[in-house]
Amino acid sequence: MAEMKIFSTGIDPSDWIPRRFTQLGDGRTPPIFWQHLPPDTKSLVLLMEHREAEAGRKVRWLLYDMPPAAEGIHEGGPLPEGTKLGRNDFGTIAYRPPEANANHQLQHYDFILMATDLPTLGLAEGANWESVKGRLRTGDHRDELAPPPAGDPRGREFHPLGHIIDHAEFSGHFALDTDKRV
């Protein structure tokens, strides 16, 4: 079976995030697509995090209850039917575009797609990441198993979230004076 994959036709992980997807540009939502979901996937969760941000300012975009039959999200386009938009760490129910650091330091934005075994999380639109994680936890004693090594922060975060059956991610990066692409 092929490995689950998430990718963007508008963001090349080896290049800068184009200006149109950032706060310096139009702040458009990027196109995000996926392939090779596990056959027992019932819904998807998409999380965009700002890696260098302090706690409480990391989550930039959160989508949940996305149908696995959807091919993805088109640039600036509508969300797949049934998808719920979560609350970002800035208190809005919206996509919070990447922003450049005033010191011109490189900033990384991680896009994480999670396949779940739940048809719905049972949350109203506007839930935050902590609420979503709460619904992804299971009572199957996974907490009794040794967590992944400290060098695997994503594995450690997802360890108690037993309703995640697989995940994939990619990253984009951005900095001042490097956003020449349109």
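No experiment lies behind these values; they were computed from the predicted model shown. (Residues numbered from 1 in each chain as written. Predicted model: local features only at pLDDT ≥ 70, side-chain atom pairs only at ≥ 80, totals over all residues. Heavy atoms only, no water.)

A. Representation of the pairing of strand β3 (residues 43-50). Burial analysis of β3 places eight of its eight residues in the buried class, which makes it a mostly covered element. Both faces of β3 are covered, namely the face carrying Ser43, Val45, Leu47 and Glu49 and the face carrying Leu44, Leu46, Met48 and His50. Sheet topology note: the β3/strand β7 (residues 107-116) ladder contains eight bridges and is antiparallel. In the sheet register, serine 43 faces β7, and the bridge partner there is threonine 116. One ladder, built from five bridges, connects β3 with strand β4 (residues 59-66); its direction is antiparallel. Looking at the pairing, methionine 48 lines up with tryptophan 61 of β4. (Buried < 20%, exposed > 50% of the residue type's maximum accessible area, 1.4 Å probe, protein only. Helix = DSSP H or I, 4+ residues; strand = E, 2+ residues; numbered from the N terminus. Pairing = 2+ DSSP bridges.)

B. Local environment of the pattern of salt bridges. One pass over the structure, following the stated rule, counts seven salt bridges. A salt bridge links arginine 28 to glutamate 75; the nearest nitrogen and oxygen atoms lie 3.1 Å apart. Taken together, the residues arginine 28 in the loop between β1 (5-7) and β2 (32-35) and glutamate 75 in the loop between β5 (72-73) and β6 (84-85) connect sequence positions 47 residues apart. Judged by relative accessible area, arginine 28 falls into the partly exposed class, the value being 34%. (Salt bridge = Lys/Arg side-chain N within 4 Å of Asp/Glu carboxyl O.)

C. Highlighting the pairing of β7. In terms of burial, β7 is largely enclosed, as 10 of its 10 residues are buried. The side-chain alternation of β7 yields two buried faces, one formed by Gln107, Tyr109, Phe111, Leu113 and Ala115 and the other by His108, Asp110, Ile112, Met114 and Thr116. Pairing analysis gives 10 bridges linking β7 to strand β8 (residues 164-174), with the strands arranged antiparallel. When the sheet's bridge partners are listed, glutamine 107 is paired in β8 with phenylalanine 174.

D. Region of interest: the packing of aromatic side chains. Counted according to the given criterion, the structure contains three aromatic pairs. A centroid spacing of 5.0 Å and a plane angle of 75° characterise the contact between tryptophan 61 and tyrosine 95, whose relative ring orientation is edge-to-face. Here tyrosine 95 lies in the loop between β6 and β7 and tryptophan 61 lies in strand β4, a separation of 34 residues in the sequence. For the pair shown, tryptophan 61 and tyrosine 95 are each scored as buried. Of note, lysine 5 hangs over the ring of phenylalanine 7, and the distance from its end group to the ring centre comes to 5.3 Å. (Phe/Tyr/Trp six-rings, centres within 6.5 Å; stacked < 30°, edge-to-face > 60°. Lys NZ or Arg CZ within 6 Å of the ring centre and 35° of its normal.)

E. How the structure looks around the sheet that holds β6. Strand order in the open sheet formed by five strands is β6-β4-β3-β7-β8, with antiparallel pairing between adjacent strands. Looking along the sheet, the strands with just one partner apiece sit at the ends: β6 and β8.

F. Fine view of the side chain of aspartate 65. With respect to the secondary-structure elements, aspartate 65 resides in strand β4. Owing to a relative accessible area of 7%, aspartate 65 belongs among the buried residues under this scheme. Reaching out from aspartate 65, the side chain makes a polar contact with the backbone nitrogen of leucine 121 at a distance of 2.7 Å. Contact partners of aspartate 65, with chain neighbours within four places excluded, come to Ser43, Leu44, Gly82, Thr83, Lys84, Pro119, Thr120, Leu121, Gly122 and Leu123. (Polar contact = N/O pair within 3.5 Å; in protein donor to acceptor, adjacent residues only side chain to side chain. Contact = heavy atoms within 4.5 Å.)

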